[in-house]
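# Fold and geometry: a report
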Amino acid sequence: MKKIGIFSGSFNPIHIGHLALANWLCEYVALDEVWFLVTPLNPLKDKDELMDYDARFEMVKAAIAGYPKFKASDIECSLPLPSYTIDTLQALHQIHPNFLFHLIIGADSWASIHLWKDAEQLMHDFPILIYPRKNYEETETPPYPHIQKVDAPLIEVSSSFIRKALDEGKDIRFFLPETSRQLINIFAGE
């Protein structure tokens, strides 16, 4: 059975931290692929901060091009908004019943998973890989054996840092894939 990591997020924008983590998960957790699911609207985030969905999706596709273990998915565009992780994973399982989907989340998201729609069912039904985030040293043992903390490198780059640096006119070329940086300039009208 093919093991697919589901890395769902706003990717507002995608950056080297996302890519390095996904690469590490493919190589060290033995995922066959990581699918980047660009979320149209995260119910727990401020929609006013989001770049246009199509721009974010194009940046993800450009950033992952050429690496065969990465795929971009726009499945959440075909689902009712707001996007709920449990609904997305159930839809993916219906479409691809022979794939084993692993949800990839940060320790910060793990700390608030109890706020998610049908959190208990999500944890019961799907494997979850929890990667470390600064200031979120999770001490509780996950409630199911298919939920595991992974010892991925701690990469402290965030999309909010990227947006702030861009707003301030900083040269942060090494924090973004070149293709994403070029697209941000195009979408910004430069």
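Okay, so let's go over this structure.

Rules used in this analysis
- Residues numbered from 1 in each chain as written.
- Predicted model: local features only at pLDDT ≥ 70, side-chain atom pairs only at ≥ 80, totals over all residues.
- Heavy atoms only, no water.
- Core = buried A, V, L, I, M, F, W, Y, C linked by side-chain atoms within 4.5 Å.
- Buried < 20%, exposed > 50% of the residue type's maximum accessible area, 1.4 Å probe, protein only.
- Helix = DSSP H or I, 4+ residues; strand = E, 2+ residues; numbered from the N terminus.
- Contact = heavy atoms within 4.5 Å.
- Salt bridge = Lys/Arg side-chain N within 4 Å of Asp/Glu carboxyl O.
- Pairing = 2+ DSSP bridges.
- Expected span 1.5 Å × (residues − 1).
- Polar contact = N/O pair within 3.5 Å; in protein donor to acceptor, adjacent residues only side chain to side chain.
- Right-handed = clockwise from strand over helix to strand, strands pointing away.

Okay, the nonpolar core next. Residues Phe7, Leu25, Val34, Phe36 and Ile104 are the most contacted members of the largest nonpolar core, which totals 34 residues. Only helix 1 (16-28), strand 2 (33-38), helix 2 (53-64), strand 5 (128-131), helix 6 (159-167) and helix 7 (178-187) provide two or more residues apiece to this core. The dominant element in this core, judged by the number of residues it contributes, is helix 2, at seven residues. Sequence-distant contacts of Phe7, that is, excluding residues within four places in its chain, are made with His18, Leu21, Ala22, Val34, Trp35, Phe36, Leu37, Ile104 and Tyr131. Formed by 24 residues, the second largest nonpolar core is a distinct cluster that contains Leu37, Ile75, Trp110 and Ile113.

All of the buried residues along helix 3 (residues 85-95) are Ile86, Thr88, Leu89, Ala91 and Leu92. Turning to helix 3, the residues buried within the fold contact strand 1 (2-9), strand 2, strand 4 (99-106) and helix 5 (119-125).

Pairing is possible between side chains of opposite charge, provided their charged atoms come close. A full pass over the atoms with the stated rule returns eight salt bridges. Its salt-bridge partner being Asp108, residue Arg133 comes within 3.5 Å of it at the nearest N-O pair. Pair noted here: Arg133 is in the loop between strand 5 and strand 6 (147-149) and Asp108 is in helix 4 (residues 107-111), with a separation of 25 residues, a long-range link. Note that Glu168 and Lys164 form a salt bridge whose closest N and O atoms lie 2.9 Å from each other.

Judged by how many residues are buried, strand 4 sits mostly within the fold: six of eight residues are covered. Sheet analysis places strand 1 next to strand 4, joined by six bridges and oriented parallel. Each residue of the ladder has a partner; that of Gly5, found in strand 4, is His102. In this sheet, strand 5 lies alongside strand 4 in parallel orientation, the contact comprising four bridges.

The next thing to look at is helix 2. Between its first and last C-alpha, helix 2 extends 17 Å over 12 residues, near the 16 Å set by a 1.5 Å rise per residue. All of the buried residues along helix 2 are Tyr53, Ala55, Arg56, Phe57, Met59, Val60, Ala63 and Ile64. Of the residues flanking the start of helix 2, the one acting as N-cap is Asp52, its side-chain oxygen 3.1 Å from the backbone nitrogen of Asp54.

Further remarks concern the side chain of Glu33. The residue Glu33 is located in strand 2 in this model. On the basis of relative accessible area, Glu33 is assigned to the buried category, the value being 8%. Within the local environment of Glu33, its side chain forms a polar contact with the side chain of Trp35, the two groups lying 2.7 Å apart. Residues within four places of Glu33 in sequence aside, it is in contact with Lys2, Lys3, Ile4, Gly5, Cys26, Pro68, Lys69 and Lys71.

With that out of the way, let us pick up the pairing of strand 2. Strand 2 sits mainly inside the fold: six of its six residues count as buried. Of the two faces of strand 2, both are covered, the one formed by Glu33, Trp35 and Leu37 as well as the one formed by Val34, Phe36 and Val38. Alignment of strand 1 against strand 2, held across six bridges, turns out to be parallel. Bridged to Gly9 within strand 2 is Val38. Considered for its hand, the β-α-β crossover made up of strand 1, helix 1 and strand 2 is right-handed. By the bridge criterion, four bridges tie strand 2 to strand 3 (residues 70-73) in an arrangement that is parallel. Bridge pairing links Trp35 to Lys71 in strand 3.

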